[in-house]
Amino acid sequence: MTDSFKDATHPTLIVTGPPCDGTLMTLESPGAERVLGASPDAHLRLEADNVDAIHARVRWDASRGMLLTDVGSAAGTYVNGERVGAGHVLQDGDRVSLGPPGSRASVKLLVRLPRDLSAAAAPAASTEAPPFVLEDVAVTPYVAPAAAPAAPAPVLAPPAPEEPVVAAPPTSPRAAVELGAADAGASAPARPLPLVHPPGGERKRPVADYSSDTPSIVTDRVREPGPREAAPRAARRGVSLPRLPALPRPVLIALGTLVVAGLAYFVYGRLRPVPPVISSVLPPRVEPGQTVAIAGTGLGTSAEAVTVRFADQAGQVTSASDTQVSVTVPAALAAKEGVEIPVIVETRAGRSNALFLRVRRVPHPNRLEPDVALPGQEVTLIGENLDGTPLSVQVAGETAEVRSAQADAVRLVVPSIPVTEGRAVSVTLRVGAQAGRPLTLLLGRLPLVIELVPSAGQPGEDVDVRGRGFDPDPADNVLLFGDEPALILAASPNHLRAVAPAGLSTGSQTLVPVVVKAHSGTSSGSVQFTLVRPSTSIFVPRFFAAPVSSTTDQALVSTLLGPVLLLSDREAGPSVGERAVRVAAALNAAFDAAAARPVTLEARDSPPSVAVAGGGIIVTATADDAAGYSRGPDPGMKGQRTTPRALAGFWAALLQDQLTLFVQHQRPSRLLELSPRGKALVDLYAEAERRIGAANGVPASLLNPPSAAQTRAFRDMALMLPAGPSAAAAAVTGRWEGMMEETGTGERPIKLRLRLEGARLAGSLGTQAGAVAMEVPLESATYQKGVLTFVLASGGSPRFFRGNLQGSAISGTIHRSASDQESIGRFSLRYAE
């Protein structure tokens, strides 16, 4: 060591070898502390495989001297070959190794201390032996070897000067330091070892040797020859080497055992699992329950095989790989706010180094109860970590009065702020410097309707009513579009799914207020729905689902004219209302198809249902549906009895008559065969024919809106089941006009009048021949299953008439008798009135 370091004035660490050979780090004053490691933030940055980001700390303690502390490194910190932990007192000349001393991936350092600091750090009663002094040793001078008697050797170039042979260096760092000290002191009894140079040799300039533990920053150190090159050099100088004495067998066995043990240790070190090493924990500031990501190496392959400890608390590992672990911070750390918490990863290979994070406590508001209020009303803020001081709450930027504060709830009063119903304002809670996420408060009273999606549509439109304060049970909510109740399909505190009703308006577009009644409250009705009606000159019914008063176990399939079907069975669906929506959609599809091609609706027996002829089922009549007509919404329905099969026939006749009248523009008659109430559709056909002619449909002006009498007649026709004996003959009552032709005579006009006399069908047939008009009464008039028969006795020869009813027309043949299959004429009639 040069004079530069003989008398150090401050504690100093000197790097002896890679990666930064000769680098010094000095502690300037007592209390100074420095960090050693591979991190850019370390005071002495040493980038090597065995060096952690923060590997060790050194501190100058005024009373104890220079202290070395390992901070949980994976490879360890060693002093003079022994692993140390925290607060190790360093002595002048100590050899420090960051990582195992024998590893090339470790970094070596030399400790130099001032004399007074070394004396202070030494034990009080030191028994250390006096420093080793190398006495003067006589060295045999260089002697050139004698020439061999063999043939003369070829002339060679003179050999290159060899390095001087010196005595072996001291075997311990302590001896080396003492030797350097003896060389420096004038009064030391030991003398430096003389150097003997070969003839003609010169002293070579020293070269830094990274295989040595001695710092190479000096200029007077000469590299000693290694063991492999000593023998050849000696041979070249002609120096004979002494023969090693033979070793006893036990010694050889012992040496062999040591070699085998060394190899076993080496293999064990290679195969032994490497403990995990963590390099980062993110984020560095966390909350209890938050997930952190730990990066490093050797962290494991599955979450079950890894344990992550936050001080003395184990976190829940959610995922793990060799380089990253995700773990949830334990909730118990909430009490350690602001404290540095060590984080360690444990696997079967061992424990990792420790990194640190800090725990913070942040308020977490979750919801407001209620979240609709007016100024002056009390609201409760629900969440976590809500207590603490100072605590404040602001509503729309105004400070609110806090009546009580607990960890999970804060009661506050809405301050005086401008009110617009449905307006959303923010509510922000602060605890100290930490602010929770803002919550939203709606200004108004419950229940509150905020929005309609869509905001316009025809009757039957599926509407989402959005707001607050609704009842989750659909039956406990009342939804009105104007004055018309709507069918509620589903309900939650913030949503109502409903079907837009028909309403009573006559215009093509009408704004109606939407009102919700729930929890003994009524909304203001400030939100409106635009009800759209089709603007067509000819009326075509559109089917939609409608409610039955306040009950939810029944629903109607209706049109603008009133109810058509009463359903009481949900039929494997979520609700009866949902079934009504499906049936209405199927009927609309069938009526749309009938506008382009002939469509007939028929009743089927298995199962009892209404279906398109040659197509699929539209609606099934179940036992619950049949029983539902005895408890329908109208008082006259009480006690009605029917069967699913009879109900399917009734529905088929009612629906077919509407299809015949409104789409095919023909006279309806099937329902009139079952019930006299079917005459309401027949009368509507007759009125439409008077206004715009036959087969032109029903003008929309006749039904927009329907009169009170029409509304009552259509409702009774749909909800009152046929009772008593069949009155099928009523389907043909009225005045019919047409032509008849017999064999051998030409066509002549006829008028047929049919009427009911009790349950018997009666009437007369009038003809005109020139100026002579004649009207003959009918005999044996009958009508069954669409076939009209009667006998006309005139001129002494009776004639038998048989015709089929098709809509508003009757056509058939004339025979001499009922049994005669050969016709003698034909006739055709059309309904007049």
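The structure displayed is predicted, hence computed values, not measured ones.

J.: How should the sheet that holds strand β18 (residues 324-328) be read in this particular structure?
T.: Within a beta sheet, neighbouring strands are joined by backbone hydrogen bonds and run either parallel or antiparallel to one another. Read from one edge of the open sheet, four strands run β12-β14-β18-β17, paired in antiparallel fashion. The outermost strands of the open sheet, each flanked by one partner alone, are β12 (277-282) and β17 (316-320). Strand after strand, the sheet turns through a mean of 25° between neighbouring axes, direction not considered.

J.: Would you take a moment to explain the pattern of salt bridges for this structure?
T.: One side chain can pair with another of opposite charge once the charged atoms of both are near each other. Using the criterion set out here, one finds 36 salt bridges in the structure. Taking the shortest distance from any N to any O, the salt bridge between R309 and E346 comes out at 3.3 Å. Separated by 37 residues along the polypeptide, R309 in strand β15 (residues 307-310) and E346 in strand β19 (residues 340-347) bring together distant segments of the chain. In this structure, D605 and R645 form a salt bridge, with 3.3 Å as the shortest nitrogen-oxygen distance. Pair noted here: D605 is in strand β45 (residues 601-605) and R645 is in helix α7 (residues 644-662), with a separation of 40 residues, a long-range link. Taking relative accessible area as the criterion, D605 reaches 48% and is therefore assigned partly exposed. Salt bridges sharing common partners tie together E378, E401, R403 and R411.

J.: Would you explain the sheet that holds strand β6 (residues 65-70) in this entry?
T.: Across the sheet, five strands lie side by side as β4-β3-β5-β6-β9; this open sheet has mixed pairing. Each edge of the open sheet carries a strand with a single partner, namely β4 (44-45) and β9 (88-89). Where strand β3 (residues 33-37) meets β4, two bridges bridge the pair, whose relative direction is parallel. Paired with G37 across the bridge in β4 is R45.

J.: It is not clear to me how the confidence of the model for the protein chain should be interpreted in this structure. Could you clarify?
T.: Parts of the prediction with low pLDDT should not have their coordinates interpreted in detail. For the protein chain, the mean per-residue pLDDT works out to 81, and 81% of the residues sit at or above 70. Of the regions scoring below 50 in pLDDT, residues 1-6 engages in 15 contacts with residues more than four places distant in sequence or in other chains. Between residues 123-239, whose pLDDT stays under 50, and residues either more than four places distant or in other chains, the model counts 96 contacts.

J.: Any chance you could explain the pairing of strand β5 (residues 56-61) here in plain terms?
T.: Look at any regular strand and the pattern is simple: side chains alternate between the two faces of the sheet. Bridge analysis of β3 against β5 gives four bridges, and the strand direction is antiparallel. By the bridge assignment for β5, R34 is matched with V58. In this sheet, β6 lies alongside β5 in antiparallel orientation, the contact comprising six bridges. Bridge assignment links R59 to a residue of β6, and that residue is L67. Connecting β5 to the antiparallel partner β6 that follows it, the hairpin turn spans three residues.

J.: Would you explain unusual backbone geometry in this entry?
T.: Leaving glycine out, the prevailing phi sign among residues is negative, and the prevailing peptide bond configuration is trans. Each neighbour pair has its own omega, and for T389 with P390 the value is -10°, a cis peptide bond. Cis rather than trans, the peptide bond between V453 and P454 has omega equal to -5°. In this structure, N80 takes a positive phi of about 55° despite not being glycine. Considering the arrangement of structural elements, one finds N80 in the loop between β7 (77-79) and β8 (82-84). With a phi close to 60°, A311 is a non-glycine residue in the positive phi region. Tracing the backbone shows A311 in the loop between β15 and β16 (313-314).

J.: What exactly am I supposed to notice about a nonpolar patch on the surface here?
T.: Among the surface-exposed residues, L247, V251, L252, L255 and L258 lie close enough to one another that they form a single nonpolar patch of about 450 Å² accessible area. Checked against the element boundaries, L247 lands in the loop between α3 (227-237) and α4 (249-271). For L247, a relative accessible area of 47% gives the class partly exposed.

J.: Got a minute to help me understand the packing of aromatic side chains in this structure?
T.: The geometry of an aromatic ring pair comes down to the distance between the two centres and the angle between the two planes. Counted according to the given criterion, the structure contains seven aromatic pairs. Ring geometry for F801 against F827: centres 5.3 Å apart, planes inclined by 65°, an arrangement best described as edge-to-face. With F801 in strand β53 (residues 797-806) and F827 in strand β55 (residues 823-831), the pair connects residues that are 26 residues apart, well separated along the chain. As far as burial versus exposure is concerned, F801 and F827 are alike and both buried. Feature note: the residues F790, F801 and F827 constitute an aromatic cluster, connected by ring pairs. In this structure, R667 is placed above the aromatic ring of Y831, and the distance from its NZ or CZ to the ring centre is 4.0 Å.

J.: Looking at this model, I keep getting lost on the environment of S811. Mind explaining?
T.: Mapped onto the secondary structure, S811 falls in strand β54 (residues 809-815). Residue class for S811 comes out partly exposed when judged on its relative accessible area of 39%. A sequence separation of 15 residues divides S811 from R826, and the C-alpha atoms of the two residues are 7.8 Å apart. With residues near it in sequence (within four places) discarded, S811 still touches G803, N804, F827 and S828.

Calculation notes
- Residues numbered from 1 in each chain as written.
- Predicted model: local features only at pLDDT ≥ 70, side-chain atom pairs only at ≥ 80, totals over all residues.
- Heavy atoms only, no water.
- Pairing = 2+ DSSP bridges.
- Helix = DSSP H or I, 4+ residues; strand = E, 2+ residues; numbered from the N terminus.
- Axes fitted to C-alpha atoms, helices over the stretch in contact; angles between N-to-C directions.
- Salt bridge = Lys/Arg side-chain N within 4 Å of Asp/Glu carboxyl O.
- Buried < 20%, exposed > 50% of the residue type's maximum accessible area, 1.4 Å probe, protein only.
- pLDDT = per-residue confidence, 0-100.
- Contact = heavy atoms within 4.5 Å.
- Patch = residues over 30% accessible without salt bridge, like charges linked within 9 Å, V, L, I, M, F, W, Y side chains within 5 Å.
- Areas by Shrake-Rupley, 256 points an atom, 1.4 Å probe, with all protein chains shown as cover.
- Phe/Tyr/Trp six-rings, centres within 6.5 Å; stacked < 30°, edge-to-face > 60°.
- Lys NZ or Arg CZ within 6 Å of the ring centre and 35° of its normal.

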